[in-house]
Amino acid sequence: MILARDRNLAEPAHHVRAARRCRRAAGARVRRGEAAVRGGKRAGKGPLPVEPGGSAQPPAFLRIPVSGAAVTPLESQRWLCRDSYAAPEHKYPAAYEDCLSATIHFMKNIEHYVVDPGNVTVCGDSAGGNLAAAVSQTLAGRSDLPKLRAQILIYPGLQALDFNLPSYQQNRGVPLLFRERAAFYVLQHLNGNASNLDEVLEGSHIPIDIKLNYRKWVNPDNIPEKFKVRGYKPRVLLDCTTEIYETVKRFCEPNLCLLLAEDAIIQQLPESFILTCEYDVLRDDGLLYKKRLEDNGAQVTWYHLKDGFHGIISLNDYCGFLFPAGKRGLDRTVKFLKRPINQLSLCFSY
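Of the regular secondary structure elements, the protein chain holds 12 helices and 11 strands. Sorting the 350 residues of the protein chain into buried and exposed places 57% on the buried side. Of the roughly 15,000 Å² of accessible surface on the protein chain, 53% is carried by carbon and sulfur atoms.

Another point: the environment of leucine 212. Looking at the secondary structure, you find leucine 212 in helix H7 (residues 208–213). Taking the C-alpha atoms as reference, leucine 212 lies 9.2 Å from leucine 237; in sequence the two are 25 residues apart.

With their axes 10 Å apart at the nearest point, helix H2 (residues 94–108) and helix H3 (residues 127–139) run at an angle of 55° to one another. With respect to their mutual orientation, H2 and H3 come out oblique. Judged by the twist between their axes, the crossing of H2 over H3 is right-handed. Along its contact with H2, which presents Ala95, Tyr96, Cys99, Leu100, Thr103 and Ile104, the element H3 presents Leu131, Ala134, Val135, Thr138 and Leu139. Considered class by class, the residues forming the contact of H2 with H3 number 9 nonpolar, 2 polar and no charged.

Rules used in this analysis
Residues numbered from 1 in each chain as written. Predicted model: local features only at pLDDT ≥ 70, side-chain atom pairs only at ≥ 80, totals over all residues. Heavy atoms only, no water. Helix = DSSP H or I, 4+ residues; strand = E, 2+ residues; numbered from the N terminus. Buried < 20%, exposed > 50% of the residue type's maximum accessible area, 1.4 Å probe, protein only. Areas by Shrake-Rupley, 256 points an atom, 1.4 Å probe, with all protein chains shown as cover. Axes fitted to C-alpha atoms, helices over the stretch in contact; angles between N-to-C directions. Parallel < 35°, antiparallel > 145°, perpendicular 65-115°, else oblique. Left-handed = near helix turned anticlockwise from the far one by under 90°. Contact = heavy atoms within 4.5 Å. Nonpolar A, V, L, I, M, F, W, Y, C, P; charged D, E, K, R; others polar.

Take a look at the structure:
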């Protein structure tokens with residue numbers, strides 16, 4: 001496993017435990033021990049060994065957590081750890097470039113990890129879902145690398161144009177991710193500070209002509225009506241000043257706001273699994289991306305937790321907390337990982 005984490009703040013323990021549960025449920029055999037990785041290579045080490053009786057080419061599960069990236073051969077024996085870049089010390093696109101570099105290295109040297117090159121899945125939750133989607137989009141047209149089999153996006157954040165979508169209004173004060181904190185974090189990721197937070201929250205950070213251009217993709221009208229019945233009020237589009245836009249104009253880059261990718265990119269994406277939660281400000285980002293994938297003929301499995309909230313997968317079975325919805329979401333994710341190749345995809349909502 002190549003587990004990327006912030007240099008000064010390790011990935012939260014409950015995220016690591018959730019990843020371990022996912023790997024074990026999917027058939028992983030994990031043994032204690034670490035090997036340092038620098039520049040994408042294990043220091044003084046050769047290819048990962050295969051356990052006696054183990055598959056010569058098991059699948060690989062590339063997990064990108066909130067603070068970095070991880071590559072996990074499901075049948076591997078060791079964890080391989082490397083540093084990554086997190087905001088605000090390292091601004092966009094540092095984390096994206098770091099995750100992309102790690103993934104490309106893995107794919108180019110896949111024989112050293114003894115995994116099936118046709119069965120590699122990239123996964124991320126929350127901000128990690130953003131990075132996983134960005135890696136998938138960037139690699140979609142690459143002919144010099146093995147194709148990803150699938151991407152798994154667990155309550156991903158996929159746009160920063162509109163913080164007044166129905167889910168942002170409805171769940172503005174719902175833990176664990178408040179509406180104001182979501183905008184705060186994305187500004188920290190972009191600029192290393194939260195200046196212009198008020199403008200971002202009210203929607204006066206992007207010019208109207210640009211909003212209208214992307215309205216075909218980031219639009220509350222594209223969200224099913226059943227998701228708007230709980231405290232949603234349509235908002236009037238606001239314009240912005242040139243000075244404000246100059247500070248956040250990179251919000252319009254597809255590598256940061258994945259909903260803005262062109263159809264030609266979306267059409268080349270691997271099979272997708274998207275998990276959304278009803279009580280989550282990021283719910284509608286996932287719903288809008290699901291629609292974009294479906295509109296472009298991409299294969300997508302959607303699983304919606306009607307009683308779920310942001311972070312529920314990582315918090316399940318953490319410090320005595322037991323969330324049935326979290327277990328259902330984790331079980332469904334593992335089921336997707338273990339499905340036969342080319343199995344038909346379905347949508348679920350429980």
